[in-house]
Amino acid sequence: MKFNFQDPATAVMEGIIDFHHDVQFYLIIILTFVAWSLFSIVWEFGFAHYVTKGRSAADLLQARRDALILKQVNHGTVLEIVWTLIPVFVLIAIAIPSFALLYSIDEIIEPALTVKIIGHQWYWSYEYTDQFTPVTYDSYMVPEPELAPEGFRLLEVDNVLLLPVQTHIRLLVTAADVLHSWAVPAFGVKMDCIPGRLNQVSLFIKREGAFYGQCSELCGVNHGFMPIGVYVVPIHSYVNWIKNLSLLRELVDTYNISDHNSSSGSGEAPLGHSPK
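Keep in mind that this is a model prediction, so the values were computed, not measured.

Calculation rules
- Residues numbered from 1 in each chain as written.
- Predicted model: local features only at pLDDT ≥ 70, side-chain atom pairs only at ≥ 80, totals over all residues.
- Heavy atoms only, no water.
- Core = buried A, V, L, I, M, F, W, Y, C linked by side-chain atoms within 4.5 Å.
- Buried < 20%, exposed > 50% of the residue type's maximum accessible area, 1.4 Å probe, protein only.
- Contact = heavy atoms within 4.5 Å.
- Helix = DSSP H or I, 4+ residues; strand = E, 2+ residues; numbered from the N terminus.
- Pairing = 2+ DSSP bridges.
- Phe/Tyr/Trp six-rings, centres within 6.5 Å; stacked < 30°, edge-to-face > 60°.
- pLDDT = per-residue confidence, 0-100.
- Axes fitted to C-alpha atoms, helices over the stretch in contact; angles between N-to-C directions.

**Some details on the nonpolar core**
Piece 1. If you look at the biggest cluster of nonpolar residues, it comprises 42 residues, and the most contacted ones within it are Trp124, Tyr128, Leu161, Leu163, Trp182, Phe187 and Val230.
Piece 2. Setting aside its immediate chain neighbours within four residues, Val230 contacts Leu161, Leu163, Trp182, Val184, Phe187, Gly209, Ala210 and Phe211.

This is the structure:
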């Protein structure tokens, strides 16, 4: 079982992992200090007096009273200032990189590609509208009886989202019925899909590969059965693929051909499970 993050594919996810490690450093220091302080207090003002042999109960009670009325314990102005300022400096040290990461996530750059993502109960629709002939298709989970031996259960889809590597991409996400959430951990992306509202997230994927995610918002009985599959390919492969799908769509529209391979069954351009 793996408890760490997935291997990052974007600079944003790399920043999230680095920030997580930085915060863990401060948490370990705080946890160690608080545990040591608690143990010291319990020992010095309580337990240590009870384990001393050869002393009467009256002597033990008096020793505890003497320990609790020390001036250094009841009144420590310098100590109070120190334990007030240290958390302030810790919060500043955490806030500065967190603000930088937050602004980098919200940064908007002129995209070379725009993809619209629509969440349904319980599947995803993808729309490429930058080219002259728009390409749209649906993406459903592959049922377990139809799953290939090397496939991932509950993660494989019939039509993946194909994206080019090293390209500025804008994702527009929305929903057609209820709340959904398009989330791919390797990209550092988790964007809510809200009916009647268009949310935006930017991507710049640094490496090729197959990436998976799942809907991360409770959306009904089949919430756990609407995975996300993304293939990231070289840009020339993406251009050839989108060109072929655009030509196919033109033929479908021109000759009114029913495209039986489409996941939606409405003449939309299909996407094979393993695009080349």
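**Details of the pairing of strand S3 (residues 135–139)**
Piece 1. Counting buried positions along S3 yields five of five residues, so the element is predominantly enclosed.
Piece 2. Of the two faces of S3, the one holding Val135, Tyr137 and Ser139 and the one holding Thr136 and Asp138 are both buried throughout.
Piece 3. As defined by bridge partners, strand S2 (residues 123–128) adjoins S3 across five bridges and the pair is classed as antiparallel. Looking across to S3, one finds that Tyr126 is bridged to Tyr137.

**Observations regarding the packing of aromatic side chains**
Piece 1. Per the counting criterion, the structure on display carries 10 aromatic pairs.
Piece 2. Taking the centre distance of 5.4 Å and the plane angle of 70° together, the rings of Phe25 and Tyr26 count as edge-to-face.
Piece 3. When its relative accessible area of 24% is taken as the criterion, Tyr26 is described as partly exposed.
Piece 4. Ring geometry for Tyr128 against Trp241: centres 5.4 Å apart, planes inclined by 70°, an arrangement best described as edge-to-face. Taken together, the residues Tyr128 in strand S2 and Trp241 in helix H5 (residues 235–255) connect sequence positions 113 residues apart. Comparing Tyr128 with Trp241 shows no difference in burial state: the two are buried.

**Structural notes on the confidence of the model for the protein chain**
Interpretation of this model should avoid reading the predicted coordinates in detail wherever pLDDT is low.
Piece 1. Mean pLDDT over the protein chain stands at 82; residues scoring 70 or higher make up 78%.
Piece 2. Note on residues 257–276: pLDDT under 50 across the span, and 50 contacts to partners over four residues away in sequence or across chains.

**As for the sheet that holds S2**
Piece 1. Here we have five strands laid out as an open sheet, ordered S3-S2-S1-S5-S8, and mixed in their pairing. What marks the edges here is a single partner per strand, and that holds for S3 and strand S8 (199–204). Shown here is a sheet whose adjacent strand axes are inclined to one another by a mean of 25°, direction ignored.
Piece 2. By the bridge criterion, six bridges tie strand S5 (residues 168–175) to S8 in an arrangement that is antiparallel. Within the sheet, the bridge partner assigned to Val173 lies in S8 and is Asn199.

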